[in-house]
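Fold and contact review
Each chain, letter by letter, is given below.
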Amino acid sequence: MDRLGSMAVFVRVADLGSFASAAEELGMSATMVGKHIRFLEGRLRVRLINRTTRRQALTEFGRTYVERCRTILAEADAADALATEQVHALHGRLRITAPVHFGRHCVLPVVLELMRDYPGLEVEMSFSDRLIDLAEDGFDLAIRTGTLAPGPGLAAASLASQAMTVCAAPAYLARHGRPSRLAELEGHTALAYRRTGPVPPWLFPIQDGGLLEVRPPHRLRLDDLDAIADAAANGAGIAWVPRWLVRERIRDGLLVELLPDQPGYPYGVHALWLQTPHVARRLRVTVDALKAALPGMMR
């Protein structure tokens, strides 16, 4: 028999004063109640209840043992409640906005894992490269990459840094040669990323702690990082993209990582949410999960 189950039966017998009353409350036969008590007595080799045809009473040891049983059963219930809270207390809806490619490739897998772990969690995700106003658009959490300007009324947490890398297809390098220094990049055709405004420079950390801006010439401008990676793999030029985006293409030989000894610029990844006196547990758990998982994806 299950020891905890038998302890629970013993406690009800002690509280109610009879096998019959305990059996009725527990929905079992008086014979089964007796089996639970005999199981405990046999295991302990000590009598717990003195029984006669007219009455039953706890032995001296039984009175001590029943109190210990109460403590043990209370601790077991508390442990079960802790597990229940872990699974079910994380409930409700969470609205998340994230950049299109980073959100799909990096944030979504973490969110899906969370939803498997917490069945009560509902998530609504929006993938957009525009800066969302959390309060106006009704989002609970925003994932941002690049330089962070949180603004008033917002809380922020650093999640990871995504290293940038320069790469090109073997066919492009066969035609145009392989740059070995930063200065040589301006002699190559770049694939430029441009969403709004001027084309941003490529940034590289240098020894004095500053940043070197490189602006290689370009003929093709795209506002989609996946498209830039595809164009680079097609031999259209050299690309400066997050390493996580092209890791598989580099592994498969479709792209070659250039300037491997040059440190990559670390674009920050941040979480933002509205400052409130109480942060919902589903939000805190999601931010913690992203903080734990994203750095490993950025390598």
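Anything mentioned here points back to the structure above.
A brief structural summary. In every chain, residue numbers begin from 1 and rise along the written sequence. Reporting of local features is limited, given that this is a predicted model, to residues whose pLDDT is at least 70; pairs of side-chain atoms are given and counted only at 80 or more, and all residues count toward the totals for whole chains, interfaces and linings. As a rule here, side-chain values cover all heavy atoms of the structure and leave hydrogens and water aside.

**Focus on the side chain of T286**
Residue placement: T286 occurs in helix α10 (residues 281–297). Here a polar contact means two N or O atoms within 3.5 Å. Within protein one must be a hydrogen donor candidate and the other an acceptor candidate, and residues neighboring in sequence count only if both atoms are side-chain atoms. Reaching out from T286, the side chain makes a polar contact with the backbone oxygen of R282 at a distance of 2.7 Å. Any pair of residues with heavy atoms lying within 4.5 Å of one another is described as a contacting pair. Each residue touching T286, except ones within four places of it in the same chain, is listed here: L94, I96, L114 and L141. Labels follow the DSSP assignment, with helices taken as runs of H or I lasting at least four residues and strands as runs of E lasting at least two, numbered in each case from the N terminus.

**Structural notes on the pattern of salt bridges**
In what follows, salt bridge is the name for a side-chain nitrogen of Lys or Arg lying within 4 Å of a carboxyl oxygen of Asp or Glu. This model, assessed by the stated rule, comprises 13 salt bridges. We note a salt bridge from E124 to R95, for which the minimum N-O separation is 3.0 Å. Taken together, the residues span a long stretch of sequence, with E124 in strand β4 (residues 121–127) and R95 in strand β3 (residues 92–98) at a distance of 29 residues. Between E213 and R215 there is a salt bridge, with the nearest N and O atoms lying 3.3 Å from each other. We classify E213 as partly exposed; its relative accessible area is 48%. One salt-bridge network, in which partners are shared between bridges, spans R12, D15, E25, E67 and R70. Think of it in three bands: residues with accessible area under 20% of the maximum for their type are buried, residues over 50% are exposed, and the middle band is partly exposed, with areas taken using a 1.4 Å probe on protein chains only.

**Some remarks on unusual backbone geometry**
The phi torsion at R45 lies on the positive side, around 60°, for a residue other than glycine. In this structure, R45 sits in the loop between α3 (30–44) and β1 (49–51). With phi around 50°, L259 is a residue other than glycine that occupies positive phi space.

**Some thoughts on the packing of helix α1 (residues 3–16) against helix α2 (residues 19–26)**
Only the stretch in contact is used when a helix axis is fitted, and all axes are lines through C-alpha atoms; the angle between N-to-C directions ranges over 0 to 180 degrees. Contact pair α1 / α2: the axes reach a minimum separation of 8 Å and the direction vectors enclose 125°. As the angle between them shows, α1 and α2 are arranged oblique. Crossing of α1 against α2: the hand is right-handed. Side by side, α1 and α2 meet where V9, R12, V13 and L16 of the first sit next to F19, S21, A22, E25 and L26 of the second. Throughout this entry, Asp, Glu, Lys and Arg are counted as charged residues, while Ala, Val, Leu, Ile, Met, Phe, Trp, Tyr, Cys and Pro are counted as nonpolar. The remaining residues, Gly among them, count as polar. Residue classes in the contact of α1 with α2 are distributed as six nonpolar, one polar and two charged. For classification purposes, an angle smaller than 35 degrees is called roughly parallel, one larger than 145 roughly antiparallel, one from 65 to 115 roughly perpendicular, and anything else oblique. The handedness criterion is simple: a crossing whose near helix is rotated anticlockwise from the far helix by less than a right angle is left-handed, and one whose near helix is rotated clockwise is right-handed.

**Describing the packing of aromatic side chains**
For Phe, Tyr and Trp, rings pair up if their centres lie within 6.5 Å, where Trp contributes its six-membered ring, and each pair is then called stacked (planes under 30 degrees apart), edge-to-face (over 60) or tilted (otherwise). Applying the stated rule across the entire model yields seven aromatic pairs. Taking the centre distance of 5.9 Å and the plane angle of 40° together, the rings of F10 and Y65 count as tilted. Of the two residues, F10 sits in helix α1 while Y65 sits in helix α4 (residues 60–88), which places them 55 residues apart along the sequence. Residue class for F10 comes out buried when judged on its relative accessible area of 0%. With a centroid separation of 5.7 Å and 75° between ring planes, the pair formed by F102 and W244 is classed as edge-to-face. One end of the pair, F102, is in helix α5 (residues 100–117); the other, W244, is in helix α9 (residues 243–251), with 142 residues separating them in the sequence. The pair F102 / W244 is uniform in exposure class, with both members buried. Through pairs of rings, three or more aromatic residues link up here, namely W202, F204, W240, Y265 and Y267. Sitting over a ring, as applied to charges here, requires NZ of Lys or CZ of Arg to be within 6 Å of the ring centre and within 35 degrees of the ring normal. The ring of F139 has R95 sitting right over it, with the charged end atom 4.1 Å from the ring centre.

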